[in-house]
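Chain and residue survey
The residues making up each chain are set out below.
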2 protein chains.
Amino acid sequence: MPMDSVHTVKSYEQELDRLRAMMARMGGIVESQVAQAVAAVTERDEAAAQAAPAQDPQVDALERDVEALSIRLLALRSPMAGDLREIVAALKITGDLERIGDYAASIARRSTRFDLADSQVSLSGLRSMGRLVQENLRRAIDALTQQDAERATEVWQSDRAVDEYYTSMFRALVTYMMEDPRNIGPCTHLLFIAKNFERIGDHATNIAERVYYAVMGENLPAMRPRGGSASSAESLDPR
Amino acid sequence: MPMDSVHTVKSYEQELDRLRAMMARMGGIVESQVAQAVAAVTERDEAAAQAAPAQDPQVDALERDVEALSIRLLALRSPMAGDLREIVAALKITGDLERIGDYAASIARRSTRFDLADSQVSLSGLRSMGRLVQENLRRAIDALTQQDAERATEVWQSDRAVDEYYTSMFRALVTYMMEDPRNIGPCTHLLFIAKNFERIGDHATNIAERVYYAVMGENLPAMRPRGGSASSAESLDPR
């Protein structure tokens, strides 16, 4: 763990604030990766397609830094109750953030591998889906940085809308493939991209659930069963 | 946390053993879910297709139990050094195990949504890939339960073979779709299934990396960049 202070012994509150700042920074980078992924696919923005994967090493490094600082806090400071829950939540949330960054990088890379010129394939559904997922992630990270249980509940509530977008995307893309075999290549990529956006939405919901638990000391009232059950999306395309 | 003993105060070692037993049990259930997923797809085994998702609630409950016990251990026992790293690793590893269970359940559900009768589509590649992923997961869980860094290194080394299977599956499935539009439906499902097996392999590698770190106190020498870089799989189908 890098020490950026000449004082070797920091106060407990300072160390906890440092952990929070690391989480906020990791959240911010991952948010920007998702924005780049959306631009890469829907605006065919090549700079964004390069930028999202380029941030991966920073995200991985922050995950390791959070872990190192958490272990230090746990070993030396014996945090209790709310602080302990917050540190444990941070350890789990970095896993979700790392995965989100990973999915965003994957979407961005994939966006450069297909061409929609001369095709009828529309990106408008994916654009709306991407925006909603971005919005949900932003709220989840707000909930995290402000330890705001109410915000967390909002994210959790709108995950269903993401699933509905995914279902309609899936249907539309398979139809394009059936209509013209030249659509198979690009639509296969778009299927994975839609799935990755759906997974990002899932992880944003995980983050919201963990923030809620850390703040409130209990689970969300009607905690969503992880991995989906018999939703409408499920019947067509199970997760 | 359920207390299965009349003694309300257990020894520290007993509680740590209890945590290890929970992890081993969670690993065992997830392993059986992956075996069921392989059978569901490659043997068209409908009982297995039902069984894998049915185990999801148990996995979710174990994830919560591990978290509750970890928080208890951290709050009351102030574990140090190796034990502390082991508890932190357990908290992260349950996240990987939960995701693996999720992917296995998703594969199992999906296996019932398509029919390969009257098609030329072969499942032999997927069968081999599924077996290799199962084998890697088994090794990762052995490494976890035995805190065996050497085993962990083996998993990490064979992840590349999983990626290579995935690449060749991807190519074969797209070819089937191009050849006959009637293959588009089943092959779309098989694409996602292959991707999910690849992701399971990824998470098995994550587990191995975390076990290595918990045991050795340092990262694997040539730690794999998460989320893939410019591998052969990457150029065709980025993760």
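Predicted model, so just to flag it, every value in this text is computed and none were measured. (Residues numbered from 1 in each chain as written. Chains lettered and ligands numbered in written order. Predicted model: local features only at pLDDT ≥ 70, side-chain atom pairs only at ≥ 80, totals over all residues. Heavy atoms only, no water.)

1. A few points about the pattern of salt bridges
For the structure shown, the criterion picks out 42 salt bridges over all chains. Put simply, Asp142(B) and Arg151(B) hold a salt bridge, and the shortest N to O gap is 2.9 Å. Sharing partners across several salt bridges, the network here consists of Glu135(A), Arg138(A), Arg139(A), Asp142(A), Arg151(A) and Glu154(A). (Salt bridge = Lys/Arg side-chain N within 4 Å of Asp/Glu carboxyl O.)

2. Section: the packing of aromatic side chains
Inspection of the entire model under this criterion finds five aromatic pairs over all chains. Judged by centre distance (6.2 Å) and plane angle (50°), the ring pair of Tyr166(A) and Phe170(A) falls under tilted. Placement of the pair is Tyr166(A) and Phe170(A) together in helix α6 (residues 149-179), with a separation of four residues, close to one helical turn. Grouping residues by exposure puts Tyr166(A) and Phe170(A) together as buried. Ring centres of Phe192(A) and Phe192(B) lie 5.1 Å apart, and the angle between their planes is 55°; this geometry places the pair in the tilted category. Of the two residues, Phe192(A) sits in helix α7 (residues 184-216) while Phe192(B) sits in helix α7 (residues 184-216), which places them in two different chains. Taken individually, Phe192(A) and Phe192(B) each receive the classification buried, so the pair is uniform in this respect. Aromatic ring contacts, followed pair by pair, group Tyr166(A), Phe170(A), Phe192(A), Tyr166(B), Phe170(B) and Phe192(B) into a single cluster. The ring centre of Phe114(A) lies 4.5 Å from the NZ or CZ of Arg44(A), which sits over that ring. For Lys195(A), the ring lying beneath its charged end belongs to Phe192(B), and the centroid distance is 5.7 Å. (Phe/Tyr/Trp six-rings, centres within 6.5 Å; stacked < 30°, edge-to-face > 60°. Helix = DSSP H or I, 4+ residues; strand = E, 2+ residues; numbered from the N terminus. Buried < 20%, exposed > 50% of the residue type's maximum accessible area, 1.4 Å probe, protein only. Lys NZ or Arg CZ within 6 Å of the ring centre and 35° of its normal.)

3. Re the interface of chain A and chain B
It is common to report an interface's size as the accessible area lost on association of the parts. Tallying the contact residues gives 54 residues for chain A and 54 residues for chain B. Of the roughly 4,600 Å² buried where chain A meets chain B, counting both sides, 55% is carbon and sulfur surface. One can count eight salt bridges joining chain A with chain B. Measuring nitrogen to oxygen at the nearest pair gives 4.0 Å for the salt bridge that ties Asp202(B) to Arg99(A). Joining chain A to chain B, the criterion identifies seven residue pairs in polar contact (both at pLDDT 80 or more). Elements supplying a minimum of two residues to the side of chain A that touches chain B: α3 (56-77), α4 (81-111), α6, α7 and α8 (232-236) of chain A. A total of 14 residues in the side of chain A that touches chain B trace back to one element, the largest contributor, which is α4(A). (Contact = heavy atoms within 4.5 Å. Buried area = accessible area lost by both parts, 1.4 Å probe. Polar contact = N/O pair within 3.5 Å; in protein donor to acceptor, adjacent residues only side chain to side chain.)

4. Quick notes on unusual backbone geometry
All names here are of chain A. For Ser78, which is not glycine, the phi dihedral falls at a positive 40°. As for its position among the elements, Ser78 is in the loop between α3 and α4. Note on Ser78: relative accessible area 34%, which makes it partly exposed.

5. Details of the relation of the copies chain A and chain B
Expressed as a screw operation, the relation of chain A to chain B combines 0.0 Å of axial shift with a rotation of 180°, fitting to an RMSD of 0.0 Å. In symmetry terms, the pair is related by a two-fold rotation axis. Both copies contact each other with a shared surface, as 100% of the interface residues of chain A are interface residues in chain B too. (Least-squares fit on C-alpha atoms with pLDDT ≥ 70 in both.)

6. Brief notes about helix α1 (residues 12-42) of chain A
Taking 1.5 Å of rise per residue, the 31 residues of α1(A) would be expected to cover 45 Å, and the 45 Å separating its terminal C-alpha atoms lies within 8% of that figure. Just downstream of α1(A) lies Arg44(A), where phi reads positive at about 50°. (Expected span 1.5 Å × (residues − 1).)

7. Describing empty space enclosed by the protein
All told, the structure shown has two cavities of 30 Å³ or more when counted by the stated rule. In this structure, the largest cavity spans a volume of roughly 210 Å³. Listing elements by their share of the lining of the largest cavity, those giving two or more residues are α4 and α7 of chain A together with α4 (81-111) and α7 of chain B. Broken down by class, the residue content of the lining of the largest cavity amounts to two nonpolar, six polar and 13 charged. Computed from the structure, the second largest cavity encloses a volume of approximately 70 Å³. For the lining of the second largest cavity, the secondary-structure elements that each account for two or more residues are α7 of chain A together with α7 of chain B. Per-class residue counts for the lining of the second largest cavity are four nonpolar, two polar and four charged. (1 Å grid on protein atoms, 1.4 Å probe; cavity = no way out; pocket = protein on both sides within 12 Å on 5 of 7 lines; lining within 4 Å. Points joined across faces, edges and corners; volume = space filled by probe spheres on them. Nonpolar A, V, L, I, M, F, W, Y, C, P; charged D, E, K, R; others polar.)

8. Observations regarding α7(A)
All names here are of chain A. The end-to-end C-alpha distance of α7 is 48 Å, a good match for the 48 Å that 33 residues give at a rise of 1.5 Å each. The buried count for α7 comes to 29 of 33 residues, which makes it a mostly enclosed element. Phi for Gly217, located one or two positions after α7, is positive at around 75°.

9. Points about the confidence of the model for chain A
Per-residue pLDDT for chain A has a mean of 88; in total, 89% of the residues score no lower than 70. Within the model, the stretch residues 225-235 of chain A combines pLDDT values under 50 with 24 contacts to residues more than four positions away or in other chains. (pLDDT = per-residue confidence, 0-100.)

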